[in-house]
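The residues making up each chain are set out below.
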Amino acid sequence: MKDLKVRSYDDDLYPTAKLGAKVYHVRGAIENETVNTKEYAYDGRHVYSQVCDVAKPSIHRVEPKCSICDLCGGCTLMHIDYNEQLSIKKKHIQKTLSSVVDKNLVEDTVGLSQFATRNKLHLVFGGKVGNVRLGFFNSVTKKVVDVKNCVCHPDWYPKLYRILKSWADEHKLSPYDPKLSKGLLRFAAVRVLDNSIMLTLVVTSEKLCENKDKTTACIEELYSKLTQCFDNVSLWLNLNKERTNEVMTGRIEHLRGEKTLKATMLDTKIVLRPTSFFQVNTEIASRIYSDVLELSKRSGSRVMLDCFSGIG
């Protein structure tokens, strides 16, 4: 346990403090706070720690909307008020581009809706047969944190959680254990747009049950459950036997429903496949394209090339 004065943020936006020759990366702290921390990992002169108590809190500290954000670890800035989050991100871009761009050229970070904005997620299967956990990896323990609801996703998240958990438990499907390299279910890679869902089951074997007929029935049941909550369903399977945390690798097989995920943005139809890149924040994606269109009108350009943003 150590008392630390937080000075700045590192490249991953974790607050940092220095004590002697060591650099402390402190989860849950805010710049200029004095905090009491507990260490959990070391890497040379770098020490990774978690806030246990805040001796001198920042004026920007707020109560996180999610009660398990510390446990989950997916939202590292939720304990900071939103305007300060935007300021931190702007400073991060200024620092990153400092060698090539004058910091005054970096405009303010665009802030839109803070919650229920994400259209994509990679759910991790954990727990045991008959009582599957479904959620995200804790960055410290590497264990799966069961997340029944996520404030970063719209109201389709808890519905999907219940569908996948009940389906896996009812069919006694085993979650994958990365330490033992055993188990069947690894991830559910999900994208939802306009109440249409594309779901890719990432598994270690195409044989979900003891025989082909039961596997077929198992897949049909999952597809049926999804169609009760979503207007269109695209169900895929990815066979991943690699001993890594990479979500999808190798062959992807279409199982049921649509072969693509279709949606409309700015009166333009977009088509996605399981491996397509698309901005995870739907509201931000719409804003980006709107701003680019406005820039094109101002410049008088008739042709624009979208080279680095996935589906374009």
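Provided above is the structure to which this section pertains.
The rules we used
Residues numbered from 1 in each chain as written. Predicted model: local features only at pLDDT ≥ 70, side-chain atom pairs only at ≥ 80, totals over all residues. Heavy atoms only, no water. Pairing = 2+ DSSP bridges. Helix = DSSP H or I, 4+ residues; strand = E, 2+ residues; numbered from the N terminus. Axes fitted to C-alpha atoms, helices over the stretch in contact; angles between N-to-C directions. Contact = heavy atoms within 4.5 Å. 1 Å grid on protein atoms, 1.4 Å probe; cavity = no way out; pocket = protein on both sides within 12 Å on 5 of 7 lines; lining within 4 Å. Points joined across faces, edges and corners; volume = space filled by probe spheres on them. Nonpolar A, V, L, I, M, F, W, Y, C, P; charged D, E, K, R; others polar. Parallel < 35°, antiparallel > 145°, perpendicular 65-115°, else oblique. Left-handed = near helix turned anticlockwise from the far one by under 90°.

### Considerations on the sheet that holds strand E11 (residues 196–203)
In step 1: Within the open sheet, the seven strands sit side by side as E9-E8-E7-E10-E11-E12-E13. Their pairing is mixed. Strand pairing shows two members of the sheet lacking a second neighbour, strand E9 (144–146) and strand E13 (252–257), which therefore form its edges. The mean inter-strand angle of the sheet, taken between neighbouring strand axes irrespective of direction, is 35°.
In step 2: Helix H4 (residues 212–227) contacts E11, strand E12 (232–239) and E13 of the sheet and is inclined by roughly 145° relative to E12.

### Brief notes about empty space enclosed by the protein
In step 1: Evaluated as defined, the whole model comprises two cavities of 30 Å³ or more.
In step 2: One number sums up the size of the largest cavity: a volume of about 110 Å³.
In step 3: As for the largest cavity, its lining consists of 15 residues, of which Arg27, Gly28, Cys75, Thr76 and His79 are closest to the centre.
In step 4: In terms of residue class, the lining of the largest cavity is made up of eight nonpolar, five polar and two charged.
In step 5: The space that makes up the second largest cavity amounts to roughly 60 Å³.
In step 6: Within the residue set of the lining of the second largest cavity, elements represented by two or more residues are strand E7 (120–128) and strand E10 (185–193).
In step 7: For the lining of the second largest cavity, the residue count by class is six nonpolar, two polar and one charged.

### Describing the packing of helix H3 (residues 156–170) against H4
In step 1: H4 packs onto H3 with a crossing angle of 160° between their chain directions and a minimal axis gap of 10 Å. Judged by the inter-axis angle, H3 sits roughly antiparallel to H4. Crossing hand, H3 versus H4: right-handed. Taking contact as the criterion, the partners of Leu160, Ile163, Leu164, Ser166, Trp167 and Glu170 in H3 are, on H4, Cys218, Glu221, Leu222, Lys225 and Leu226.

### As for the environment of Lys38
In step 1: If you trace the backbone, Lys38 turns up in strand E5 (residues 34–43).
In step 2: As a C-alpha pair, Lys38 and Cys72 span 34 residues in sequence and 17 Å in three-dimensional space.

### So, the layout of surface pockets
In step 1: Roughly 670 Å³ of internal volume is contained in the largest pocket.
In step 2: Gln85, Lys89, Gln114, Arg118 and Cys152 are the residues nearest the centre of the largest pocket, which is lined by 23 residues in total.
In step 3: Examining the composition of the lining of the largest pocket, we find that four residues originate from one element, helix H2 (residues 82–96), more than from any other.
In step 4: Across the lining of the largest pocket, the residue classes tally to twelve nonpolar, nine polar and two charged.

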